[in-house]
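Overview (structure and organization)
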Amino acid sequence: MDNAKTFWLPEKASTFTSIVDPAFDLYLWISVFFFGLIVILITVFTFKYLRRRPDQLATAQITHNLTLELSWTIIPLIIVMALFFVGMKGFLHMRVAPSGYMQVNVKGQKWSWSFEYPAGAVNDTLVVPVNTPVKLAMTSRDVIHSFFIPAFRAKADVLPNRWNAIWFQATRTGVFPVECTQYCGTNHSYMWTAVKVVEPDVYQEWLANASDPGKGKTPEQFGALLYQKRGCNACHSIDGSKGVGPSWKGLYGRQETTNMGMVMVDEAYLKESMMVPTAKVVTGFQPVMPVFQGVLSDREIAALMAYIKSLK
Amino acid sequence: MIAHVHDNINYLKTKKGLMSWLVTVDHKRIGMMYLASILLFFITGGTFAFLFRLELWSPLKDFLTPDQYNQFFTLHGVIMVFLVVVPGIPAALGNFFVPIQIGAKDLAFPKLNLTSLYLYWIGAGIALWSIVAGHADQGWTMYAPYSLSQNPAVLWMMVAAFILGFSSILTGLNFIVTMHTMRAPGMTWYRMPLFLWAMYATGIMQIFATPVLAITLLLLLMENFFGIGIFDPALGGDPLLMQHFFWFYSHPAVYIIVVPGFGITSEIIAAFAKKDIFGYRFVAYSSVAIAIIGFVVWGHHMFVAGQSELADTIFSFLTFFTAIPSAIKVFNWTATLYKGSIDLKTPMLYALQFLWNFTIGGLTGIILAILSVDIHLHDTYFIVSHFHYVAMGSTMIAFIGGIHYWWPKMTGKMYNETVGKLASITVFIGFNVTFFVQLIMGSLGSPRRYYHYWDQFQIYHQISTVGVVILAVGLFTALINLIVSLWKGATAPANPWGAKTLEWQTDSPPPLYNFTETPIVTHGPYAFETEKA
Ligand code: HEM
Ligand SMILES: [Cu+2]
């Protein structure tokens, strides 16, 4: 099978491409046929019956023809009903995961994704084994997002207070982009990540490491990792530049002006800012940070604090 | 014949001064004021689109920040949908021509008609104020809970949508009552021009769809002021409910948008092919059929939103039926050209490009109803292109064609034909360059509402931006041509196109009460003669 991108469709990397792409192509040819038919008829009629003298009249007034009219009612009806069945059949297959899938939980938040594996691993990219059905159970921490993997032809909205699911089976190894396709605010268009499809043994090895991400790392190193993996980097810079949130550079020990007055940045303030971000909002920023209560473990909080302290 | 000296003065000259316009109850003057307002908003909404398309020239920042970009597409969408294409044709051209085409003096409720214009202005004011003052950036679709974080902007926007909706209910009601009670002697239903059938079908949709907006507004208010969780998940509400409400109104709204365009296209094709519309009854019924089916397909906007598979399947099934009346019309218009006497004047060039664009708009709609394929295409540029092919490429093109067609009647002036044709061709090229690439870019996986995009999509964005520049040149040429004609144009005869419907039997511009004598109708709307063999 040729996996490359075509003129109309992106590269192919999941079993769904053999459902969606043929339906797309079939329909493309049906459209080309009808569009061509209409355009040719209009062009031919227009030039054949073009008015040559100002007072020229039509050569016939044909008001109707039942056979013709019924045929262009019934033939399209048959075609669209066939299309309905094709679409429904593919769709039901794409919505119902086969047994024996592995599950990953997906959490969306403004403006990053996190993937939680049953064994406890949490990551900012999705890593999956090739040729294995994977089910994603997805929910959002804030507003509606949508999880789209173009190369897999897979997509579903990700809602707060609800779990939506998709499944897929990747057919080859590689790195494929994931996009958020439901508008979710300022950095909607930066809310993307990737799926890494790897061989099963590579996957197992990765999972074992990822399940204990702090292993063999100092708290600062672990904090730096979490900064990436938990999506803090979407809003907070570490080089002093202003993002959606304040930069972490030189943050510890600084005096911040907030809506609750001046605050000295210490451990208590940092922890509160992660658990209840709206408690004190630094002047000049919007209260948009997601809540990390119940998301970060104590060990992770400590690591993040150590990391922030290290950013002088 | 008894001379009615005053009745013979054309409606533009009966009274002078700004006040005489602001308190007029003449449907023609109200139509003209609507036309001016709608065109002004069209230019405003277009300017925002022009700016953010320029921003998309490169994937990084050119001159807008992400927040500005997001506010611009919101302004663009809200203005174009709620202030331009939804009220558009009925409020401007419908107001002017519904009474004249049935041979009546005015609409059934002239004062109500003026009220609806004021409601439109008030609604428009609130809508713009809410977005600008509230920095709203949630897009015209206002999905909760994101939109709720934009309060009170979103509340005010709903208030505006409701007032605007109320304005269109009044217009729809007025048209329906007028068509039922004020037809001239001999004007039976099947002698009504197809534009009127379209206005009738639109009226039905306006009356039934808009109340849903009122309900949504009420629920939003309850949520805001009493903290009852309805849409906001933080309060235990269901954000999907908001989408259901939104599309229950907005799907019929897309047909409120396009059906009037069908009406204009029928008028123009008949007049410039000198032909009776082929299958008049099929065309008339299909407008009504669309109005009815349009109410039961809203869920097709939510195939990936998380409604049940059963609901998805039913909505997909029903959606395919909307394709049939659309297809019937395209075939009938095409067949009308057969053995006609076709004159490629400016309005006809718009009608033909309507056929081209609407065929693409309809065909791209059908593929979106194929469930498995829609999962891939949903919320990409493919959708953007699909609805622009219908809302801009079909409705606005028909609207502009209609303005050219009826311009001599409305203003008493002829515009420059050559400039008009050139503008029309430029618009056609510009529009298709802008939007056809978006179909390709979308199916390749480029999401909509993206300020920043991947390098591989840059070439498509650039082609699209070039297209918009061409489109803008075409539209401005058309506009300037029309405006210049007000001073420089030749005086229009009563019937410059040799058309058969009643508006062409009275003077250009029409007198205050439209006709000096009540017309008596003895034949169908397109009773053209045939060449003697
Ligand atoms: C042949 C007739 C048509 C069919 C079968 C059709 C089908 C569809 C479908 C299935 C969608 C949802 C796609 C998605 O969200 O994934 C859609 C979206 C849309 N269509 Fe159509 N459509 C048709 C004609 C029209 C017309 C006449 C208009 C309006 C003038 C229109 C305007 C829109 C708009 C505004 C959207 C979505 C906008 C948004 O999500 O912001 N369509 N259409
Ligand atoms: Cu729809």
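Just so it is clear, the model here is predicted, and its values are computed rather than measured.

**Regarding the overall build of chain B**
Tallying secondary structure elements over chain B gives 15 helices and two strands in all. For 533 residues, the compact-globule estimate of 2.2 N^0.38 gives 24 Å, and chain B sits close to it at 23 Å. Taken along its principal axes, the extent of the C-alpha atoms in chain B is 75 × 50 × 45 Å. Looking at chain B as a whole, 67% of its 533 residues are labelled buried. Counted over contacts in chain B with a minimum sequence separation of 6, partners at least 24 positions apart contribute 82%. Element-wise, carbon and sulfur atoms account for 72% of the exposed surface of chain B, whose accessible area totals about 17,300 Å².

**Examining the pairing of strand β10 (residues 192–198) of chain A**
Residue and element names in this part refer to chain A. Burial within β10 is extensive, with five of its seven residues counted as buried. Looking at chain direction, strand β9 (residues 174–180) and β10 are connected through six bridges and run antiparallel. The residue of β10 that forms the bridge with P177 is A194.

**Considerations on the coordination of the iron atom of ligand 1**
For the iron atom of ligand 1, the protein contributes exactly one donor atom, H386 of chain B (NE2), at 2.2 Å. Taken as a pair, the iron atom of ligand 1 and the copper ion (ligand 2) lie 4.6 Å from each other.

**Topic: the interface of chain A and chain B**
Taken together, the contacts link 87 residues of chain A with 90 residues of chain B. For the pairing of chain A and chain B, the buried interface totals around 8,200 Å² over both sides, and the portion due to carbon and sulfur atoms is 68%. Our count for the contact surface shared by chain A and chain B stands at five salt bridges. Put simply, chain A and chain B have 37 residue pairs in polar contact (both at pLDDT 80 or more) between them. The set of elements that each furnish at least two residues to the side of chain A that touches chain B consists of α1 (17–48), α2 (66–95), β7 (154–158) and β9 of chain A. With 20 residues, α2 of chain A is the single largest residue contributor to the side of chain A that touches chain B. By residue class, the composition of the side of chain A that touches chain B is 53 nonpolar, 21 polar and 13 charged.

**So, the sheet that holds strand β4 (residues 126–129) of chain A**
All names here are of chain A. With mixed pairing, five strands are arranged side by side in an open sheet as β4-β10-β9-β6-β7. A single partner strand is all that each edge strand has here, and the edge strands are β4 and β7. Direction aside, neighbouring strands of the sheet carry axes that sit 20° apart on average. When strand β6 (residues 145–149) meets β9, the two strands line up antiparallel, connected through two bridges. Within β9, the position partnered with F148 by the bridge is E179. Packing of helix α3 (residues 200–211) onto the sheet brings it into contact with β4 and β10, and relative to β4 it is tilted by some 135°.

**Topic: the nonpolar core**
Of all hydrophobic cores here, the largest spans 257 residues; its most connected members are Y117, L126, L136, F147 and F152 of chain A together with L93 and M410 of chain B. At 20 residues, the largest contribution of residues to this core is made by helix α8 (residues 239–273) of chain B. Apart from the residues lying within four places of it in its own chain, the contact partners of F152 of chain A are A13, S14, F16, F168, A170, F176, V195 and V197 of chain A. In terms of nonpolar packing, the next biggest core, distinct from the first, is built from 24 residues, L251, M274, L296 and L304 of chain A among them.

**Concerning the packing of helix α10 (residues 309–337) of chain B against helix α11 (residues 346–369) of chain B**
Residues and elements named next belong to chain B. Put simply, α10 and α11 touch, their axes get as near as 10 Å, and they point 155° apart. As summarised for this structure, α10 and α11 are arranged roughly antiparallel, according to the angle between their axes. Crossing handedness for the pair α10 and α11: left-handed. Residue-level inspection shows S316, T319, F320, A323, S326, V330, W333 and L337 of α10 in contact with α11, the latter providing M348, L352, F354, L355, F358, T359, I366 and A369.

**A look at the coordination of the copper ion (ligand 2)**
The reference angle at a metal is 109.5 degrees if four donors form a tetrahedron and 90 or 180 degrees if six donors form an octahedron. Every protein donor of the copper ion (ligand 2) is accounted for by H251 of chain B (ND1), H300 of chain B (NE2) and H301 of chain B (NE2), and the metal-donor separations fall at 1.8 to 2.1 Å. Motif for the copper ion (ligand 2), donor spacing along one chain: H-x48-H-H.

**Quick notes on the site of ligand 1**
Residue and element names in this part refer to chain B. Neighbouring ligand 1 are 25 residues, the closest being D374, H378, H386, V390 and R448. Here an oxygen atom of ligand 1 sits 2.6 Å away from a polar atom, N or O, in the side chain of D374. One nitrogen or oxygen atom from the side chain of R448 is found 2.9 Å from an oxygen atom belonging to ligand 1. At the level of secondary structure, the elements contributing two or more residues to the shell around ligand 1 comprise α8, α10, α11 and α13 (381–411).

**Regarding α13 of chain B**
Residues and elements named next belong to chain B. Where α13 bends most, at Y405, the angle is about 45°, and the proline P408 comes one to four residues later. Counting buried residues along α13, 30 of its 31 residues qualify, which places the element largely inside the surrounding structure. A positive backbone phi angle near 80° is found at G412, which sits one or two residues after α13.

**A closer look at a nonpolar patch on the surface**
Residues L66, L70, I74 and I78 of chain A make up a contiguous nonpolar surface patch of roughly 380 Å² in combined accessible area. Examined against the element boundaries, L66 of chain A turns out to sit in helix α2.

**Considering the side chain of S508 of chain B**
Residues and elements named next belong to chain B. Mapped onto the secondary structure, S508 falls in the segment after β2 (490–491). A relative accessible area of 14% means that S508 is categorised as buried. A polar side-chain atom of S508 sits 3.0 Å from a polar atom in the side chain of K409. Within polar-contact distance, the side chain of S508 engages the backbone oxygen of P493 at 3.0 Å. If we ignore the near neighbours within four places in the chain, the residues touching S508 are P408, K409, G412, A492, P493 and A494.

**Brief notes about the confidence of the model for chain B**
Residues and elements named next belong to chain B. Summing up the model confidence of chain B, the mean pLDDT is 91 and the portion of residues at 70 or higher is 98%. When pLDDT is averaged over each element of chain B, helix α14 (residues 417–443) comes out on top at 97 and helix α7 (residues 194–226) at the bottom at 87. Predicted confidence is poor over residues 1–5, with pLDDT under 50, and the contacts of this stretch with residues over four places away or in other chains come to two contacts. With pTM at 0.88, the complex prediction returns an ipTM value of 0.91.

**Topic: the environment of I42 of chain A**
With respect to the element layout, I42 of chain A can be found in helix α1. The class for I42 of chain A is buried, based on a relative accessible area of 11%.

**Here's the deal with the state of the cysteines**
All names here are of chain A. Considering all chains together, one arrives at zero disulfides over all chains under this definition. C180 supplies the cysteine sulfur nearest to C184, a cysteine that is in no disulfide, at a spacing of 4.0 Å. For C184, a relative accessible area of 0% puts it in the buried group. C232 takes part in no disulfide bond, and the closest cysteine sulfur to it belongs to C235, at a distance of 9.1 Å.

**Observations concerning the packing of aromatic side chains**
Summed over all chains, the structure comprises 68 aromatic pairs over all chains. Centre to centre, the rings of F84 of chain A and F317 of chain B are 5.1 Å apart; their planes meet at 65°, and the pair counts as edge-to-face. With F84 of chain A in helix α2 and F317 of chain B in helix α10, the pair connects residues from two separate chains. Overall, the relative accessible area of 5% leaves F84 of chain A in the buried class. Residue class for F317 of chain B comes out partly exposed when judged on its relative accessible area of 31%. Summarising the aromatic geometry, the rings of F246 of chain B and W247 of chain B are spaced 4.8 Å apart at their centres and angled 85° between planes, so their arrangement reads as edge-to-face. Here F246 of chain B matches W247 of chain B in class, with each residue buried. Clustering of aromatic rings is evident, with ring pairs tying together Y11, F96, F97, F195, F272, Y405, W406, W497 and W504 of chain B. The residue whose ring lies beneath K242 of chain A is F285 of chain A, and the NZ or CZ to ring-centre distance is 4.9 Å.

So, how was this worked out
- Residues numbered from 1 in each chain as written.
- Chains lettered and ligands numbered in written order.
- Predicted model: local features only at pLDDT ≥ 70, side-chain atom pairs only at ≥ 80, totals over all residues.
- Heavy atoms only, no water.
- Helix = DSSP H or I, 4+ residues; strand = E, 2+ residues; numbered from the N terminus.
- Rg over C-alpha atoms; globule rule 2.2 N^0.38 Å.
- Buried < 20%, exposed > 50% of the residue type's maximum accessible area, 1.4 Å probe, protein only.
- Contact = heavy atoms within 4.5 Å.
- Areas by Shrake-Rupley, 256 points an atom, 1.4 Å probe, with all protein chains shown as cover.
- Pairing = 2+ DSSP bridges.
- Donors = N, O, S within 2.8 Å, 3.2 Å for Na, K, Ca; no water.
- Buried area = accessible area lost by both parts, 1.4 Å probe.
- Salt bridge = Lys/Arg side-chain N within 4 Å of Asp/Glu carboxyl O.
- Polar contact = N/O pair within 3.5 Å; in protein donor to acceptor, adjacent residues only side chain to side chain.
- Nonpolar A, V, L, I, M, F, W, Y, C, P; charged D, E, K, R; others polar.
- Axes fitted to C-alpha atoms, helices over the stretch in contact; angles between N-to-C directions.
- Core = buried A, V, L, I, M, F, W, Y, C linked by side-chain atoms within 4.5 Å.
- Parallel < 35°, antiparallel > 145°, perpendicular 65-115°, else oblique.
- Left-handed = near helix turned anticlockwise from the far one by under 90°.
- Near = heavy atom within 4 Å.
- Bend = angle between axes of the 7 residues up to and from the residue.
- Patch = residues over 30% accessible without salt bridge, like charges linked within 9 Å, V, L, I, M, F, W, Y side chains within 5 Å.
- pLDDT = per-residue confidence, 0-100.
- Disulfide = S-S within 2.5 Å.
- Phe/Tyr/Trp six-rings, centres within 6.5 Å; stacked < 30°, edge-to-face > 60°.
- Lys NZ or Arg CZ within 6 Å of the ring centre and 35° of its normal.

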